[in-house]
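Chain and residue survey
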Amino acid sequence: MRYSALLSPLVLLLSACSHDAAAPAPSSATASPVKGGFLLDPQHTGQPLQGDFAFNDNTARFVDRMVREHGFDKQQLHDVLAQARRLDWVIRLMDKQAPVGRPAAGPNGAWIRYRSQFITQDNVQNGVAFWDQYQDALERAYERYGVAPEVIVGIIGVETRWGRVMGKTRIIDALSTLAFDYPRRAKFFESELEVFLLMSRSEGYDPLDLKGSFAGAMGYGQFMPSSFKSYAVDFNADGHTNLWDPVDAIGSVAHYFQAHGWQHGDAVAVPAQGQAPGLENGFATRYSLATLSAAGLQPTASLGRYREASLLRLDMGNSYQYWYGLPNFYAITRYNHSTHYAMAVWQLGESVKQARGG
Ligand SMILES: [Ca+2]
């Protein structure tokens, strides 16, 4: 699905205010801006912010900063934010993401259940179709960034089922709610909202039109605005960096991985023989191979040049399966800090690759 920018009057005004430093002073203006069919008084100093975020000090400070630092028009920002909705369910969902206590005693099949959401026959077939359709872009991304196609295909598959599920929450609602009414993460989300409005201005989007996840992630690869700013690329060279364009998304995901330490040609993770219940596990652990060997583990394949690994443990229901995690596995967790997530991305990508004939 391609996203087509709507050039509403609002967007044109937002775009115009990025380079209006030399505009005539209001007193000398002869043409009044037109909005909604009404002529506006150029002397008018603007209405206070209306809507769900009226009388919110955080919002007022944010608006002042956007005007001061980025040259946004105060009235235009008020017009946008007046239409933003406070979503209480977003706050409830965000609270559920917060770290909770100890995981349930296992094994109880947690990995099997997680894996079955992503590695299905339908998904693998859809992944093959995506790979076939965008083979040129995937090969170009491999050449430019050194990131293997199966990883890019795995990420976009787990994130959005290759564009089928990109989120239905208005980004302006999600980010305004979390920036202005969620103190725990307000600083982070205020910065995301700032970059989101800058992206809307530079790419010519109406900020009220863009949709994504409840946390503000957008497009095929579910990039947050800050990731758009740092890693998104115009990979089809049409002059726009478009998170909703699959080719731009492929280049952007590859660039993200290159920037987060992807090692071209290296293994991702290797299954272990044996059990090591006495060692702490997780993608952030790090052990020498000698330590893992002394604990009772042996790798079932070559670890290449690595003499250290993280210890990964998957809950298979009746038992635990241990893995040696290598730097490329850690790189996948930079997309989402979860062993399950990274393993699902990698295994989905590998399954798609095998279904295409390796
Ligand atoms: Ca593009």
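For the structure itself, consult the block above.
Residues numbered from 1 in each chain as written. Predicted model: local features only at pLDDT ≥ 70, side-chain atom pairs only at ≥ 80, totals over all residues. Heavy atoms only, no water.

1. Some remarks on the coordination of the calcium ion
Test applied: Listed donors are limited to N, O and S atoms within 2.8 Å of the metal, widened to 3.2 Å for Na, K and Ca; water is not among them, so incomplete-looking sites are possible. Labels for metal geometry use angle windows, namely 85 to 135 degrees for all angles of a four-donor tetrahedral site, and for square planar (four donors) or octahedral (six donors) sites opposite donors over 155 degrees apart plus all others within 65 to 115; sites meeting none of these are irregular. Only protein chains enter the accessibility calculation, which uses a 1.4 Å probe; a residue whose area is less than 20% of its type maximum is buried, one above 50% is exposed, and one in between is partly exposed.
In this structure, Asp-234 (OD), Asn-236 (OD1), Asp-238 (OD), His-240 (O), Asp-248 (OD) and Asp-248 (OD) serve as the protein donors to the calcium ion, at separations of 2.2 to 2.7 Å. Taken together, the six donor atoms coordinating the calcium ion and their angles of 51 to 158° define a geometry best described as irregular. What makes Asp-238 partly exposed here is its relative accessible area of 43%.

2. Re the packing of aromatic side chains
Put simply, the test is: Pairing of aromatic rings covers Phe, Tyr and Trp, the last counted by its six-membered ring, and requires centre-to-centre distances within 6.5 Å; plane angles under 30 degrees mean stacked, over 60 mean edge-to-face, and any other angle means tilted. We call a charge positioned above a ring when the Lys NZ or Arg CZ atom is no farther than 6 Å from the ring centre and deviates by at most 35 degrees from the ring normal.
Enumeration according to the criterion identifies 18 aromatic pairs in this entry. With 5.0 Å between their ring centres and 50° between their planes, Phe-130 and Tyr-134 make a pair best called tilted. For the residue pair Phe-130 and Tyr-134, the accessibility class agrees, reading buried in each case. Cluster of aromatic residues (ring-pair linked, three or more members): Phe-223, Tyr-231, Tyr-256, Phe-257, Trp-262 and Tyr-335. Arg-313 extends its terminal NZ or CZ atom over the ring of Tyr-320, reaching a point 3.7 Å from the ring centre.

3. Observations concerning the nonpolar core
Basically, it comes down to this: Definition of nonpolar core: a set of buried residues of the types Ala, Val, Leu, Ile, Met, Phe, Trp, Tyr and Cys, connected through side-chain atoms within 4.5 Å. Per the convention used, a helix needs a DSSP run of H or I reaching at least four residues, while a strand needs a run of E reaching at least two, with both numbered from the N terminus.
Core analysis: the largest hydrophobic core is formed by 92 residues, its most contacted members being Phe-196 and Phe-257. Sorting elements by how many residues they give to this core places helix α15 (residues 339-355) first, with eight residues. Tyr-287, Tyr-306, Leu-311 and Tyr-320 belong to the second largest nonpolar core, which has 14 residues in total.

4. Let's talk about the sheet that holds strand β9 (residues 320-325)
The cut-off we apply is this: The rule for pairing is simple: two strands pair if DSSP sees at least two bridges between them. In what follows, residue pairs with any heavy atoms lying within 4.5 Å of each other are defined as contacts. Orientation is described by lines fitted to C-alpha atoms, with helices fitted over the stretch in contact, and by angles between N-to-C directions that extend from 0 to 180 degrees.
Taken in spatial order, the five strands line up as β6-β8-β9-β5-β7 in an open sheet, and their pairing is antiparallel. Edge strands, defined here as strands with exactly one partner in the open sheet, are β6 (282-288) and β7 (298-299). In the sheet, strand β5 (residues 269-273) pairs with β7 via two bridges, with the strands oriented antiparallel. In the strand pairing of β7, Gln-273 is matched with Gln-298. Against the sheet, α15 makes contact with β5, β6, β8 (308-315) and β9, and its axis sits at roughly 90° relative to β8, the strand it touches most.

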